[in-house]
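# Tertiary structure, described
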Amino acid sequence: MSESVSDAVLNILAKHTELDRDKVTPDTPLQLSGVDSLMMVEIIFDLEEHFDISIPDEMLGMQNQKLETAADVVLLVEELIQKQQTA
Amino acid sequence: MSRIVITGMGCISSLGHTCKDFSSKLMKGVSGIGPITLFDTTGFRVKVAAEVKDYDELRLFPEKQLSKLDRYAQFALIASREAVADAGLEFSGPLAERTAVVHGTGIGGQTTQELNYFKVYTQGMKRLHPFTVPKLIPSAGASWISMDLGITGPAFATTSACSSAGHAIGMSMLMLRSGIADVAVTGGSEALITYGTIKAWEGLRVMSNDTCRPFSLQRNGMVIGEGAGTIVLETLDHARARGAAIYGEVTGLGMSSDAHDMLQPLDKGAAAAMRAALNDAGLAPESIAYINAHGTGTPQNDPTETRAIRQVFGSHADKLAVSSTKSIHGHTLGAASALEAIATVLALNEQKAPPTANFQDPDPQCDLDYVPNTARPMPITHAMSNSFAFGGLNTVLVFSRYND
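Here's what I pulled together on the structure shown here. (Residues numbered from 1 in each chain as written. Chains lettered and ligands numbered in written order. Predicted model: local features only at pLDDT ≥ 70, side-chain atom pairs only at ≥ 80, totals over all residues. Heavy atoms only, no water.)

## Here we look at the interface of chain A and chain B
- In this assembly, twelve residues from chain A lie in contact with ten residues from chain B.
- Taking both partners together, chain A and chain B bury about 890 Å²; carbon and sulfur atoms supply 46% of that area.
- A salt bridge links Asp57 of chain A to Arg45 of chain B, with the shortest nitrogen-to-oxygen separation between them at 3.2 Å. (Contact = heavy atoms within 4.5 Å. Buried area = accessible area lost by both parts, 1.4 Å probe. Salt bridge = Lys/Arg side-chain N within 4 Å of Asp/Glu carboxyl O.)

## With respect to helix H13 (residues 301-313) of chain B
All names here are of chain B.
- A rise of 1.5 Å per residue sets the reference length of H13, with its 13 residues, at 18 Å; its end C-alpha atoms lie 18 Å apart and thus fit the reference within 8%.
- Burial of H13 is extensive: ten of the 13 residues sit out of reach of the surface.
- Three or more residues of H13 are buried, namely Asn301, Asp302, Pro303, Thr304, Glu305, Thr306, Ala308, Ile309, Val312 and Phe313.
- Residues of H13 that are buried sit in contact with helix H12 (267-281), strand E9 (288-292), strand E10 (321-323) and strand E13 (382-389).
- Just past H13, the residue Gly314 takes up positive phi, approximately 55 degrees. (Helix = DSSP H or I, 4+ residues; strand = E, 2+ residues; numbered from the N terminus. Expected span 1.5 Å × (residues − 1). Buried < 20%, exposed > 50% of the residue type's maximum accessible area, 1.4 Å probe, protein only.)

## What to know about the packing of aromatic side chains
Residue and element names in this part refer to chain B.
- Applying the stated criterion across every chain yields a total of eight aromatic pairs over all chains.
- Here the aromatic rings of Tyr55 and Phe75 are separated by 5.2 Å at their centres, their planes lie at 75 degrees, and the arrangement is edge-to-face. Separated by 20 residues along the polypeptide, Tyr55 in the loop between strand E3 (48-49) and helix H2 (57-60) and Phe75 in helix H4 (residues 71-87) bring together distant segments of the chain.
- The class for Tyr55 is buried, based on a relative accessible area of 16%.
- Ring centres 5.8 Å apart and planes at 20 degrees place the aromatic pair Trp201 and Phe390 in the stacked group. Within this pair, whereas Trp201 is found in helix H10 (residues 195-204), its partner Phe390 is found in the loop between E13 and strand E14 (393-400), the two being separated by 189 residues in sequence.
- By relative accessible area, which is 11% here, Trp201 ends up buried.
- Overall, Phe390 belongs to the partly exposed group, its relative accessible area being 25%.
- Every member of this aromatic cluster is reached through a ring pair, and the members are Phe39, Phe44 and Tyr195.
- When the ring centre of Phe131 is taken as reference, the NZ or CZ atom of Lys68 above it lies at 5.3 Å.
- Above the ring of Phe44, the side-chain terminus of Lys199 is found at 4.3 Å from the ring centroid. (Phe/Tyr/Trp six-rings, centres within 6.5 Å; stacked < 30°, edge-to-face > 60°. Lys NZ or Arg CZ within 6 Å of the ring centre and 35° of its normal.)

Below, the structure written as C-alpha cells:
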C-alpha cells in the first residue's frame, strides 16, 4: 500500500478515535478502538473529502464485516482512488 | 380533568391532498415513495422520497399570498382547512378566543431559506425579497392557520425533529385539560425535499436508496416524505354541546428524553415515554391492541424500538399488531406524529391495523408482529402512536374508541 494514502488514513482514524497517532497502525482493529457506526460516518466523510472519493453506503453499518482493521480502510480508499482515476 | 376528543382531521401527503386519499392508500399499503422530481438528483446517492404529487401552488393560493407562504406553511394551511371544515367549526366571537393553534415543524420554511441564501451566496444577488424572513420562520405555519381561520387564542409552533407534531398535540391536550382552551387545531407540517437538505441527510448515511422497509431484514434506511397533518381536538363537553361527530378520544400523552445521544436512539427513553402514556391514559399495557410505530427503517431504530416495546408490554408484546406506516407515506419528520396520529385514529375507526408496506423477510432482531404488507381487520379499542426523534426527544400518544 502506498505510504501517503496509509498515512493520511491513519491520521484521520487517530483524529476520530483520539488515540495517539503512533498507536494507530494498519493492524489497529476499528471496533476495539471505539469506532462505532456514528464515528464511522464522520471518518468516511473525512476520507471522502480528503481523497475526493465516494464511499458507498454498503461499506458502513453494523452488518459490515469488510472493514475490521485500519488496513482494510486503507485498502478500500486505494481501490476507490484507483477506480476514480480509471473512470 | 376534561376528556378530549378528535372531531376533525385533515392532511396532505404523498398519498394525496385529502384525508380520504390518505386513508384509502394507507389501508391498501400503496406507497407514495418514488423518484425525486423536485430537483435534479444527478450526483446524489439518494434519489427517492415521498413527495406531494400533482401540486401547483399557483392554483391553490393567490399569487400575492405566495410571497409570504412557504411550501411547508401551504401544507399546514391545506391540512388545517380540511380538518376544521371536517369538524364543522367556524371561528368567531368567544370560540375564536377559546381555540388554540399548535402546529409543529422540524425545520420550517426550508425551501425559502435555501433558495434565497443560494441567491446571495452564489448568484451575486444584492437584495432578497422583503418577506423572506416571515416566510421562512418555523412559526409561520401556526400564524397562517390562525390568520386564515380567524383563531385568536394561543398559537405557536413546537419543534423537536421527528416528534414536533407529537409535542404539538401534547401541548394542545394539556391546554384543553387545564381549561386554557376548549378547542385546538394541532398537528405538524414539513417540506424539505430540497437540494441542500437531501444532500445533508445523505451525509448522515441513514437514507435508503430504494424504499422504506421498516422492521424487515432488508431494510436499508429511511425515506424522507413531506406533507402536513392536522387534527381538531375538543373537550368532550364542548364537542357534545354542539353535537359534533367524534372520531375518537385522545387518552394518553407520554413524553421523555433519552439524555443520551444526538443520533443513537435509546430503548430506555422510548420505553419511558410509552409507560408515561399508558399511565396518563390509566390503561394497563394489555389494553393496547395496535401500535403505530416510529419504525423509520434504519438499522438502529427498528431493533431499539422493538426492545423498548418488549420492555413495556412483556408477554403482551406478542399479541400486539405493530406497523410502521412510514413505509407508505415516508418519514415526514415534523409532520410525522400528526399523519401517524391520523393513521392511528383511522385504525380505531375502521377496526383495521394498517400494514407495514415493502416488508420482505423478518429480521431476528425485530421479532414482533409488524402486519406485513396487508392491512388486518381486528378489534382495536386502544392504540398507541410512537415518535422518537433525533436527539432523544420522545412523544407517545394513546388514542381510544369513543364511548359515552
